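So you can see what is in the structure, the chains are spelled out below.
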Amino acid sequence: MFARAASDNVRSLKVLQKAGFAVIGTEISYADGRNKEIEETILRLDGPAKTAPSDASSGERQAH
C-alpha cells in the first residue's frame, strides 16, 4: 500500500510512519489545495499495518 503527504507536513508524515509506512522517495506534483506544485514524500507499507487498540477498531467510543 502506498501513501503520499506534502514533505512539509511533518505531522502527517509522523502519523504514517508510526502506522508502519516507510519513506521510499519524493516527487514534485501539483497540489490542488495549495494551487501550486509541491514536494510530496512517498511512503510504502510492506507488512500489515500496526493495529489500533481493540476499542478503537470496533467503532465504539469509551465514556470518560
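Note that the structure is a prediction, hence the values are computed from the model and not measured. (Residues numbered from 1 in each chain as written. Predicted model: local features only at pLDDT ≥ 70, side-chain atom pairs only at ≥ 80, totals over all residues. Heavy atoms only, no water.)

## Section: unusual backbone geometry
- Positive phi, normally seen in glycine, also occurs at N35, with a value near 60 degrees.
- By the secondary structure assignment, N35 is in the loop between β2 (22-31) and β3 (36-44).
- The exposed category is assigned to N35, whose relative accessible area is 58%. (Helix = DSSP H or I, 4+ residues; strand = E, 2+ residues; numbered from the N terminus. Buried < 20%, exposed > 50% of the residue type's maximum accessible area, 1.4 Å probe, protein only.)

## Considerations on the nonpolar core
- Grouped together as the largest cluster of nonpolar side chains are 7 residues: A3, A5, L13, L16, F21, L43 and L45.
- Once residues lying within four places of it in the same chain are set aside, the contact partners of F21 are M1, F2, A3, L16, L43, R44 and L45. (Core = buried A, V, L, I, M, F, W, Y, C linked by side-chain atoms within 4.5 Å. Contact = heavy atoms within 4.5 Å.)

## Section: the pattern of salt bridges
- Enumeration according to the criterion identifies 4 salt bridges in this entry.
- Between R4 and E27 there is a salt bridge whose closest N-O contact spans 2.7 Å. Note that R4 is positioned in strand β1 (residues 2-6) and E27 in strand β2, a separation of 23 residues in sequence.
- The class for R4 is partly exposed, based on a relative accessible area of 40%.
- Note that D46 and R44 form a salt bridge whose closest N and O atoms lie 2.8 Å from each other.
- Here D46 falls in the exposed class, since its relative accessible area comes to 62%.
- Of the residues examined, R44 reaches a relative accessible area of 33% and is grouped as partly exposed.
- The network of salt bridges with shared partners includes R4, E27 and E40. (Salt bridge = Lys/Arg side-chain N within 4 Å of Asp/Glu carboxyl O.)

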